[in-house]
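Each chain, letter by letter, is given below.
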Amino acid sequence: MSEQVNTAQQFPGQVHDLPGGGIVLSKLDDVINWARSNSLWPLTFATSCCGIEMMATASAKYDFSRFGFEVARATPRQADVIIIAGTIVNKMAPVLKRLYDQMADPKYVIAMGACAISGGPFFYNTYSVVKGADHVIPVDVYVAGCPPRPEALLHALISLQEKIKMGMTREQIRTGKE
Amino acid sequence: MLTNEQIKNKLIEKFGDVLTDFSEPYGMLTFEAPKDLNLKVMQFLYDDAELGFQFLTDLQAVHYPHDKGRELAVVYHLHNLKDNVRIRFKVFTSIEQPDVFTATKLYEAANWMERETYDFFGVNFIGHPNLKRVLNVDEMDYFPMRKEFPLEDQTRVDKDDEMFGRGGSFN
Ligand code: SF4
């Protein structure tokens, strides 16, 4: 088994302690990604039942602030990550796209629950449900479940942080900023 | 205290035998009215000092595809908040000409409810100030809750009917 490392605190580079100070060696991009990944503010965006689970994740018992998802913002202008928590219907799809477009770069997307991944329970015989939020906006991390437990969402959020540190999110790949 | 019997007697006294099908499922007075009279009935239920049904709890439609000439039922749920009594009445309309008078002049709450009923069943509420879709996309050109569509894809083989409470040992 590999040893568990806390990548949130692990500095991406070398730190040489010297008397009276020190020298840090790193790539600026790595440091920026490291900083960004530890301060991801989610957008308050819950379209159905998974939203309740997202609220539970935000509340005291699970508390995603511990991992840098400090506080959910009610405006896309101040949010870094959009957690698609719930069913996306045809009428909601343009709104989702617009919210995504209004978010400032860099921005990341988590699809939470079966609905956001594929339409989930509404995959067959539906007249209104979009079969996966990735038909509308690019998704970085998918969380399976209906609904996923808060632990699963936390795991997804941490996975997103690691993805950002590796420069592998859609946004980072698209803009060529690793 | 207002009883179902009193409400029924008052209605019959006022409208005679055009109101039909009185019944009390689960203790809730239910009857049917001709669709041209829906506003008159509601106005009476609203204005009468004793009845005072001044709150529209809900309004929706039901599609009975085999009932020729009266395929769509519009169901009104009214509430007398003072005596805490609820009643329900229905009007029927044909699906070729699903015109029913709007209740928006009497109950503000009817506005969105009628839009929703139009959205899903295509009931045309005459006189509604803004009768357009409210939940579905505007481009939709059918009324999804009408029983005109197969419930699910008949060619599917991945679903075991027994697991869904139909067929098999459940019946
Ligand atoms: S995945 Fe399940 S719990 Fe989540 S929004 Fe869809 S139906 Fe609700």
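Preceding this paragraph is the structure being described.
Residues numbered from 1 in each chain as written. Chains lettered and ligands numbered in written order. Predicted model: local features only at pLDDT ≥ 70, side-chain atom pairs only at ≥ 80, totals over all residues.

## Topic: the overall build of chain B
Now for step 1: Counting its secondary structure elements, chain B contains three helices and seven strands.
Now for step 2: Ordered by position from the N terminus, the helices and strands of chain B form the series α-β-β-α-β-β-β-β-α-β.
Now for step 3: Buried residues in chain B amount to 25% of all 171 residues.
Now for step 4: Put simply, 50% of the contacts in chain B that link residues at least 6 apart link residues at least 24 apart. (Helix = DSSP H or I, 4+ residues; strand = E, 2+ residues; numbered from the N terminus. Buried ≥ 20, exposed ≤ 12 C-beta atoms within 10 Å, placed from the backbone. Contact = placed C-beta atoms within 7 Å.)

## As for the overall build of chain A
Now for step 1: Looking only at helices and strands, chain A features six helices and six strands.
Now for step 2: When the helices and strands of chain A are placed in sequence order, the string is β-β-α-β-α-β-α-β-α-β-α-α.
Now for step 3: The C-alpha atoms of chain A give 18 Å as radius of gyration, which agrees with the globular expectation for 178 residues (16 Å, within 12%).
Now for step 4: Principal-axis analysis of the C-alpha atoms gives chain A an extent of 70 × 35 × 35 Å.
Now for step 5: Counting across all 178 residues of chain A, residues that qualify as buried make up 35%. (Rg over C-alpha atoms; globule rule 2.2 N^0.38 Å.)

## Some points on the sheet that holds strand S3 (residues 55-63) of chain B
Residue and element names in this part refer to chain B.
Now for step 1: Strand order across the open sheet formed by five strands is S1-S2-S5-S4-S3, with mixed pairing between neighbours. Across the chains shown, the open sheet's two edge strands, defined by having one partner strand only, are strand S1 (20-23) and S3. Each strand of the sheet is rotated relative to its neighbour by a mean of 15 degrees, with strand direction disregarded.
Now for step 2: Bridging between strand S2 (residues 29-33) and strand S5 (residues 85-93) involves five bridges; their strand directions are parallel. Considered in S5, the bridge of Ala33 is made with Val91. (Pairing = 2+ DSSP bridges. Axes fitted to C-alpha atoms, helices over the stretch in contact; angles between N-to-C directions.)

## Details of the sheet that holds strand S3 (residues 42-43) of chain A
Residues and elements named next belong to chain A.
Now for step 1: The strand order across the open sheet formed by four strands is S3-S4-S5-S6, and the pairing between neighbours is parallel. Unpaired on one side and paired on the other, S3 and strand S6 (141-143) mark the two borders of the sheet.
Now for step 2: As paired elements, strand S4 (residues 81-85) and strand S5 (residues 108-112) share five bridges and run parallel to each other. For Ala85, the partnering residue across the bridge sits in S5 and is Met112.
Now for step 3: Contacting S4, S5 and S6, helix H5 (residues 150-166) runs over the sheet at an angle of about 170 degrees to S6.

## Points about the packing of helix H1 (residues 28-37) of chain A against H5(A)
Residue and element names in this part refer to chain A.
Now for step 1: In contact at an axis separation of 8 Å, H1 and H5 are set at 165 degrees when each is read in the N-to-C sense. Considering the angle they form, H1 stands roughly antiparallel to H5. Every pair of crossing elements has a handedness; the one defined by H1 and H5 is right-handed. Where H1 approaches H5, its residues Asn33, Trp34, Arg36 and Ser37 are matched on the opposing element by Gln161, Ile164 and Lys165. (Parallel < 35°, antiparallel > 145°, perpendicular 65-115°, else oblique. Left-handed = near helix turned anticlockwise from the far one by under 90°.)

## What to know about the site of the ligand
Residue and element names in this part refer to chain A.
Now for step 1: By nearness alone, every residue bordering the ligand is listed as Ser48, Cys49, Cys50, Gly86, Thr87, Gly113, Ala114, Cys115, Gly120, Pro121, Cys146 and Pro147.
Now for step 2: In terms of residue count, the dominant contributor to the shell around the ligand is helix H4 (residues 113-118) (three residues).
Now for step 3: Along the lines of polarity and charge, the residues of the shell around the ligand split into seven nonpolar, five polar and no charged. (Near = placed C-beta within 6 Å. Nonpolar A, V, L, I, M, F, W, Y, C, P; charged D, E, K, R; others polar.)

## Quick notes on the nonpolar core
Now for step 1: A:Ile82, A:Ile83, A:Ile84, A:Ile110, A:Ala111, A:Met112 and A:Ala133 are the most contacted members of the largest nonpolar core, which has 42 residues in total.
Now for step 2: Breaking this core down by element, the ones donating at least two residues are helix H2 (50-58), S4, S5, H4, S6 and H5 of chain A.
Now for step 3: Residues contacting A:Met112, with those up to four places away along its chain left out, are A:Cys50, A:Met54, A:Ile83, A:Ile84, A:Ala85, A:Val143, A:Pro148 and A:Leu153.
Now for step 4: Core analysis: the second largest hydrophobic core is formed by 32 residues, B:Tyr76, B:Tyr107, B:Phe121 and B:Val123 among them. (Core = buried A, V, L, I, M, F, W, Y, C linked by C-beta atoms within 7 Å.)

## Overview of helix H3 (residues 110-121) of chain B
Residues and elements named next belong to chain B.
Now for step 1: Here H3 spans 15 Å end to end across twelve residues, near enough to the 16 Å set by a 1.5 Å rise per residue.
Now for step 2: The set of residues buried in H3 consists of Ala110, Met113, Glu114, Arg115, Thr117, Tyr118, Asp119 and Phe121.
Now for step 3: Within two residues after H3, Gly122 carries a phi angle of roughly 75 degrees, on the positive side. (Expected span 1.5 Å × (residues − 1).)

## Observations regarding H1(A)
Because the α-helix completes a turn every 3.6 residues, residues three or four places apart line up on one side.
Residue and element names in this part refer to chain A.
Now for step 1: Along H1, the residues classified as buried are Asn33, Trp34 and Ser37. One side of H1 holds all its buried residues, which, seen down the axis, span an arc of 100 degrees. Exposed and facing more than 90 degrees away from the buried side of H1 are Leu28 and Ala35.
Now for step 2: Its buried side turned inward, H1 meets H5. (Arc of directions from axis to C-beta.)

## With respect to the packing of H2(A) against H5(A)
All names here are of chain A.
Now for step 1: One way to put it is that H2 packs onto H5 with a least axis distance of 9 Å and a crossing angle of 75 degrees. Considered as vectors, H2 and H5 are oriented roughly perpendicular to each other. For the pair H2 and H5, the contacting residues are Glu53, Met54, Ala56 and Thr57 in the first and Pro150, Leu153 and Leu154 in the second.

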